[in-house]
Amino acid sequence: MDRVALRGLKARGHHGVYPREREEGQTFIVDLVLGLDTRAAAADDDLAKTVHYGIVAEEVAAVVEGEPVDLIETLSERIAQTCLKHDGVLEVEVCVHKPDAPITVPFDDVTVTITRSRV
């Protein structure tokens, strides 16, 4: 399976269990790895035969900016399902970063990574 990766997609969302997170919002960063077969697109040099990563990026940003959820696990699942709606995408790995998570000790990042497929 071939891979198309989108790394460092940034969008502001209001996800979290604490009222401050819901009210103020924060930046979430999303990394995606889409699994698909790119041979037909490459052979014909045809965008219609692959996934349009620009559209995927816009859709994922809309999920992050959309309806708030408590957990980034839930957000990750919503993003995965959005990606799998594209016909050619057979598998997706989603990593959601929450670098401004409300943690009381020094840290660099919090992430949740999931892999989902059509099977």
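Residues numbered from 1 in each chain as written. Predicted model: local features only at pLDDT ≥ 70, side-chain atom pairs only at ≥ 80, totals over all residues. Heavy atoms only, no water.

A. Region of the structure containing helix α3 (residues 53-65). The end-to-end C-alpha separation of α3 is 18 Å, in line with the 18 Å expected for 13 residues at 1.5 Å each. Within α3, burial applies to Val56, Ala57, Val60, Ala61, Val63 and Val64. The buried residues of α3 occupy an angular sector of 155 degrees when the element is viewed end-on, so they sit on one face. Residues of α3 that are exposed and point over 90 degrees away from its buried face: Glu58 and Glu65. (Helix = DSSP H or I, 4+ residues; strand = E, 2+ residues; numbered from the N terminus. Expected span 1.5 Å × (residues − 1). Buried < 20%, exposed > 50% of the residue type's maximum accessible area, 1.4 Å probe, protein only. Arc of directions from axis to C-beta.)

B. Quick look at the packing of α3 against helix α4 (residues 72-84). One can describe the packing of α3 onto α4 by two numbers: an axis separation of 10 Å at closest approach and a directional angle of 150 degrees. Comparing the axis directions of α3 and α4 gives the class roughly antiparallel. As α3 runs across α4, the sense of the crossing is right-handed. Together, Val56, Glu59, Val60, Val63 and Val64 of α3 and Leu75, Arg78, Ile79, Thr82 and Cys83 of α4 make up the contact between the two elements. Of the residues belonging to the contact of α3 with α4, the class tally is seven nonpolar, one polar and two charged. (Axes fitted to C-alpha atoms, helices over the stretch in contact; angles between N-to-C directions. Parallel < 35°, antiparallel > 145°, perpendicular 65-115°, else oblique. Left-handed = near helix turned anticlockwise from the far one by under 90°. Contact = heavy atoms within 4.5 Å. Nonpolar A, V, L, I, M, F, W, Y, C, P; charged D, E, K, R; others polar.)

C. View of the UniProt feature "domain: Dihydroneopterin aldolase/epimerase" (unreviewed entry) in the protein. Cross-referencing UniProt, the feature "domain: Dihydroneopterin aldolase/epimerase" (unreviewed entry) maps to residues 4-116 in the present numbering. Secondary structure content for residues 4-116 is 34% helix and 30% strand, and the end C-alpha separation is 15 Å. (UniProt positions renumbered as here; feature names shortened; annotations may be inferred.)

D. Looking closely at the sheet that holds strand β4 (residues 111-117). Read across the open sheet, the four strands follow the order β1-β2-β3-β4; overall the sheet is antiparallel. One side of each edge strand has no neighbouring strand; the edge strands of this open sheet are β1 (2-13) and β4. Between one strand and the next, the sheet's axes are offset by a mean angle of 15 degrees, whatever the strand orientation. Sheet strands touched by α3: β1 and β2 (26-36). Its angle to β1, the strand with the most contacts, is close to 35 degrees. Contacts from α4 reach β2, β3 (91-97) and β4, with the element oriented near 35 degrees to β4. (Pairing = 2+ DSSP bridges.)

E. Structural detail: the pattern of salt bridges. The full count for this structure, using the stated rule, is eight salt bridges. A salt bridge links Arg116 to Glu77, with the nearest nitrogen and oxygen atoms 2.8 Å apart. Pair noted here: Arg116 is in strand β4 and Glu77 is in helix α4, with a separation of 39 residues, a long-range link. Note on Arg116: relative accessible area 30%, which makes it partly exposed. (Salt bridge = Lys/Arg side-chain N within 4 Å of Asp/Glu carboxyl O.)

F. Structural detail: the pairing of β2. Summarising burial for β2: 10 of the 11 residues are buried, a large majority. In this sheet, β2 lies alongside β1 in antiparallel orientation, the contact comprising 10 bridges. The residue of β2 that forms the bridge with Arg12 is Thr27.

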